[in-house]
Amino acid sequence: MLNVYTDTSVIGGCFDIEFKEFSNALFEEFKNGIKHLVISDLVLLELRQAREEVTLKLDEVPASFKAEHKNTPEAVDLAEAYIAGGALSNKSFNDALHIAIATLSKAEVLASWNFKHIVNLNRIKLYNSINLQMGYAIIEIRTPREILKPNDHEKS
């Protein structure tokens with residue numbers, strides 16, 4: 001089962017006209033045990049500011065198909081390395097922290113709709129270069145649409 005670290009944009013995307021088709025399709029895969037939902041305490045913290053329907057979305061996924069990872073000093077160090085390496089600025093620390101936690105949780109892929117700071121080819125190259133320099137595995141970073149089970153969600 002593919003472990004998919006899911007940031008807050010994907011959860012909120014379930015209720016956004018532009019992103020709801022693919023965000024909800026990904027959540028269906030989580031609910032059915034096709035993929036494993038990985039979140040962090042940072043996601044839960046960010047969701048505190050969201051509408052109730054958004055915060056309740058996580059409850060749809062059975063506990064056996066999801067895992068929560070905590071922020072750690074090691075994750076903070078890795079996020080700071082992304083910033084020091086020029087991948088992001090200090091203003092985007094939480095975005096760096098999402099990537100660090102996803103890396104350390106050994107998620108195979110990070111799902112996001114954040115095109116500016118996360119799903120961005122040049123930045124992904126920097127994140128993975130820093131991961132390798134620091135002895136961590138590279139991480140795939142994709143939109144929900146790109147990681148859905150093939151053919152199930154394509155329009156005819």
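For the structure, see preceding data.
Below, the structure is looked at part by part. In this text the structure is predicted, and so the values were computed from the model without any measurement. (Residues numbered from 1 in each chain as written. Predicted model: local features only at pLDDT ≥ 70, side-chain atom pairs only at ≥ 80, totals over all residues. Heavy atoms only, no water.)

Another aspect to go through is the overall build of the protein chain. On a plain count of helices and strands, the protein chain comes out with 8 helices and 5 strands. For the protein chain, the N- to C-terminal ordering of α and β elements is β-α-α-β-α-α-β-α-α-β-α-β-α. Relative to the globule expectation of 15 Å for 156 residues, the C-alpha radius of gyration of the protein chain, 15 Å, shows essentially globular dimensions. Principal-axis analysis of the C-alpha atoms gives the protein chain an extent of 40 × 35 × 30 Å. Sequence separation of at least 24 residues holds for 74% of the intrachain contacts in the protein chain that already meet a minimum separation of 6. (Helix = DSSP H or I, 4+ residues; strand = E, 2+ residues; numbered from the N terminus. Rg over C-alpha atoms; globule rule 2.2 N^0.38 Å. Contact = heavy atoms within 4.5 Å.)

The strand order across the open sheet built from 5 strands is β3-β2-β1-β4-β5, with neighbouring strands paired in parallel fashion. Of all the strands in the sheet, the pair left with one neighbour each is β3 (66-69) and β5 (140-142). Across the sheet, the mean angle from the axis of one strand to that of its neighbour is 30°, orientation sign disregarded. As paired elements, strand β4 (residues 109-111) and β5 share 3 bridges and run parallel to each other. Residue pairing across strands places Val-109 opposite Glu-140, the latter belonging to β5. (Pairing = 2+ DSSP bridges. Axes fitted to C-alpha atoms, helices over the stretch in contact; angles between N-to-C directions.)

Take helix α5 (residues 73-84) next. Given 3.6 residues per turn, any residue in an α-helix points the same way as the ones three and four places further on. With 12 residues, α5 extends 16 Å between its outermost C-alpha atoms, agreeing within 8% with the 16 Å of an ideal straight helix rising 1.5 Å per residue. For α5, every residue scored as buried is listed here: Ala-75, Leu-78, Ala-79, Ala-81, Tyr-82 and Ile-83. At its buried positions, α5 is contacted by α6 (93-104) and α7 (121-133). (Expected span 1.5 Å × (residues − 1). Buried < 20%, exposed > 50% of the residue type's maximum accessible area, 1.4 Å probe, protein only.)

Before going further, it helps to spend a moment on the nonpolar core. Counting residues in each nonpolar core, the largest one holds 49 residues, and the members touching the most others are Tyr-5, Phe-27, Tyr-82, Leu-110 and Ile-141. When neighbours within four sequence positions are excluded, Ile-141 is seen to be in contact with Ile-99, Val-109, Leu-110, Ile-118, Val-119, Ile-124 and Tyr-127. (Core = buried A, V, L, I, M, F, W, Y, C linked by side-chain atoms within 4.5 Å.)

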